[in-house]
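In case you want the letters, here they are:
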Amino acid sequence: MWILLVLLVIILIIAFNTIKIVKQSEVYIIERLGKFHKVADAGLTIIIPFVDHVRSVVSLKQQTMDIPPQGVITQDNVTITIDTVVFYRVTDPAKAVYEIQSLKKGIEYLAITTIRDIVGKMDLDDTFSSRDAINDKLRVILDEATDQWGCKVDRVEIKDITPPADIRDAMEKQMNAERNKRALILQAEGERQSAITLAEGKKEAAILEAEADKESKIRRATGEAEAIKKVAEAKAEEIHLVYDAMMKSNPSDKLVQLKSLEALKEVANGEANKIFIPFEATKALSSLGSVSEIFKDKE
């Protein structure tokens, strides 16, 4: 009975050491008698107990590593603190295990020295305005250096750049001065634009007023001319009616001359009328006295 139990335990131990289940996105580095044998992918893997053993479990997922904040001296001798994060993934598990003792430590030290080298060649202002350029340079250098370790660096991001306290105070004062400058410029520009708008408005108003006055005078002159025309037409019509009536009554020459002179008198009484009397009309004027005497005798 005890022998069966011992055999069962031994079988379970052998099965446990023989059958390995590899998870998704992971690989096992299998060694046989202390020497690299194979890379076991995800799924069921059978190994020989006491001959093969799992050296390391390597994750194939993209991994992140925070680089400790580093004090870096810029080209203009300002000490700043840079906080960086590296995104990487293992492409060759065997190299990641056998080519370097600690992949994470290697990436960390390489990133620190590279950051100091890149930022040390830049001014303080460039470090703030050229984050993307710094990230690209770091990624390229780290990717080339870690290729021999079976690793690929996908991204490098600078999370924060912290200047010293006195530099921050100076930068804040400079930013406030720039804001005040922009505010004054915008205010002056607004006042200038307002003055230009007001002047253009006054100009347009004066032009419209002059045009309205001109139009008013033109309309008034047109109305006066039309009125004078209508008055003249009415007078002409009146003379024409009088003439027709006289012609129908078959008047004598003396009466015609007298009525013509009376009509001429009415026309002359109008405003702005200038009368030009022909020479022949003077005969009628000379005989006006005698005609008046004739009418008095008839009455």
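Our subject is the structure listed above.
Let us look at the structure shown here.

**Structural notes on the sheet that holds strand β6 (residues 63–73)**
Read from one edge to the other, the open sheet built from three strands follows the order β6-β7-β8, with strand pairing classed as antiparallel. Looking at strand neighbours, the two that pair on one side only are β6 and β8 (151–162), the edges of this open sheet. Going from strand to strand, the sheet's axes swing by 25° on average, the running direction of each strand aside. The sheet contacts of helix α3 (residues 103–119) involve β6, β7 (79–90) and β8, and relative to β6 the element is tilted by about 35°. Sheet strands touched by helix α5 (residues 131–146): β7 and β8. Its angle to β8, the strand with the most contacts, is close to 145°.

**As for the packing of aromatic side chains**
Enumeration over the complete set of coordinates arrives at one aromatic pair. A centroid spacing of 5.7 Å and a plane angle of 75° characterise the contact between phenylalanine 36 and tyrosine 98, whose relative ring orientation is edge-to-face. Taken together, the positions of phenylalanine 36 in strand β3 (residues 35–40) and tyrosine 98 in helix α2 (residues 93–98) put the pair 62 residues apart, joining distant regions of the chain. Overall, phenylalanine 36 belongs to the partly exposed group, its relative accessible area being 37%.

**Things to note about the environment of arginine 55**
Among the secondary structure elements, arginine 55 is positioned in strand β5 (residues 52–59). Between the C-alpha atom of arginine 55 and that of glutamate 31, which follows or precedes it by 24 residues, the distance is 6.2 Å. The residues touching arginine 55, leaving out its near neighbours within four places in the chain, are Ile29, Glu31, Val97 and Tyr98.

Definitions and cut-offs
Residues numbered from 1 in each chain as written. Predicted model: local features only at pLDDT ≥ 70, side-chain atom pairs only at ≥ 80, totals over all residues. Heavy atoms only, no water. Pairing = 2+ DSSP bridges. Helix = DSSP H or I, 4+ residues; strand = E, 2+ residues; numbered from the N terminus. Axes fitted to C-alpha atoms, helices over the stretch in contact; angles between N-to-C directions. Contact = heavy atoms within 4.5 Å. Phe/Tyr/Trp six-rings, centres within 6.5 Å; stacked < 30°, edge-to-face > 60°. Buried < 20%, exposed > 50% of the residue type's maximum accessible area, 1.4 Å probe, protein only.

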